[in-house]
Amino acid sequence: RVIQHFRTSTPALEYPHLTMQADLSKEKELIHAFNNAISVSGRLDVLINNSGVYHARLPHELSEQEWFEGFNSTSTAAFFMMRTALPLLRRSARPR
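### As for the confidence of the model for the protein chain
For the protein chain, the mean per-residue pLDDT works out to 81, and 78% of the residues sit at or above 70. Across the protein chain, helix α3 (residues 64-91) holds the top mean pLDDT of 90, while helix α1 (residues 2-9) sits lowest at 59.

What follows is the structure, encoded as structure tokens:
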């Protein structure tokens, strides 16, 4: 839903861009997303980890599934992103 909104409401950007959707807590989906991005741009210059699922409840009200969904969408996803991006960033002329 967010990706669709971005694609339809964002004016044309001045630089090439790519939008995609993936569950970043699943390494295979993340690698597929990186491969798509590299096939379009040929490189990776910056990595910004900004993903997560949040359940607006007190910790004792969360189910085990909700806890792990939140944890995996933040910590696990950031780890997979960093591990996948690092070799690509090292090849960049100006890694960030």
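Structure's up, so let's keep going.
### Structural notes on the packing of aromatic side chains
Here the structure, examined in full by the defined rule, presents two aromatic pairs. A centroid spacing of 6.3 Å and a plane angle of 20° characterise the contact between W67 and F71, whose relative ring orientation is stacked. Within this pair, W67 and its partner F71 are both found in helix α3, separated by four residues, close to a single helical turn. For the ring pair F79 and F80, a centre distance of 5.8 Å and an interplane angle of 50° mean the geometry is tilted. Among the residues examined, F80 registers a relative accessible area of 15% and is labelled buried.

### Quick look at the pattern of salt bridges
A pair can form between side chains of opposite charge whenever their charged atoms are brought close. In the structure shown here, the tally under the stated rule is four salt bridges. Here R83 and E27 are joined by a salt bridge, their closest N and O atoms 2.5 Å apart. One end of the pair, R83, is in helix α3; the other, E27, is in helix α2 (residues 27-41), and 56 residues separate them in sequence. Judged by relative accessible area, which is 40%, R83 ranks as partly exposed. Taking the shortest distance from any N to any O, the salt bridge between E66 and R57 comes out at 2.2 Å.

### Some details on the side chain of T84
Mapped onto the secondary structure, T84 falls in helix α3. With relative accessibility at 15%, the residue T84 sits in the buried group. At 2.8 Å, the side chain of T84 forms a polar contact with the backbone oxygen of F80. When neighbours within four sequence positions are excluded, T84 is seen to be in contact with L30, I31 and F34.

### Focus on α3
With 28 residues, α3 extends 40 Å from end C-alpha to end C-alpha; this agrees with the ideal 40 Å at 1.5 Å per step. Of the residues making up α3, those classed as buried are G70, S73, T76, A77, F80, M81, T84, A85, L88 and L89. The inward-facing, buried residues of α3 contact α2.

### Some thoughts on the nonpolar core
Among the nonpolar cores identified, the biggest contains eight residues, and these are L30, F34, L44, F80, M81, A85, L88 and L89. Per element, the largest residue contribution to this core is five residues, and it comes from α3. Excluding residues within four positions of it along the chain, L88 makes contact with F34, I38 and L44.

### What to know about the packing of α2 against α3
For any two helices packed against each other, the geometry is given by the interaxial angle and the distance between the axes. Viewed as axis vectors pointing N to C, α2 and α3 meet at an angle of 35°, and their least axial separation amounts to 10 Å. Taken as a pair, α2 and α3 cross one another with a handedness that is right-handed. Along the contact surface, α2 presents E27, L30, I31, F34 and I38, while α3 presents A77, F80, M81, R83, T84, A85 and L88. When its residues are assigned to classes, the contact of α2 with α3 shows nine nonpolar, one polar and two charged.

Quick notes on the rules
Residues numbered from 1 in each chain as written. Predicted model: local features only at pLDDT ≥ 70, side-chain atom pairs only at ≥ 80, totals over all residues. Heavy atoms only, no water. pLDDT = per-residue confidence, 0-100. Helix = DSSP H or I, 4+ residues; strand = E, 2+ residues; numbered from the N terminus. Phe/Tyr/Trp six-rings, centres within 6.5 Å; stacked < 30°, edge-to-face > 60°. Buried < 20%, exposed > 50% of the residue type's maximum accessible area, 1.4 Å probe, protein only. Salt bridge = Lys/Arg side-chain N within 4 Å of Asp/Glu carboxyl O. Polar contact = N/O pair within 3.5 Å; in protein donor to acceptor, adjacent residues only side chain to side chain. Contact = heavy atoms within 4.5 Å. Expected span 1.5 Å × (residues − 1). Core = buried A, V, L, I, M, F, W, Y, C linked by side-chain atoms within 4.5 Å. Axes fitted to C-alpha atoms, helices over the stretch in contact; angles between N-to-C directions. Left-handed = near helix turned anticlockwise from the far one by under 90°. Nonpolar A, V, L, I, M, F, W, Y, C, P; charged D, E, K, R; others polar.

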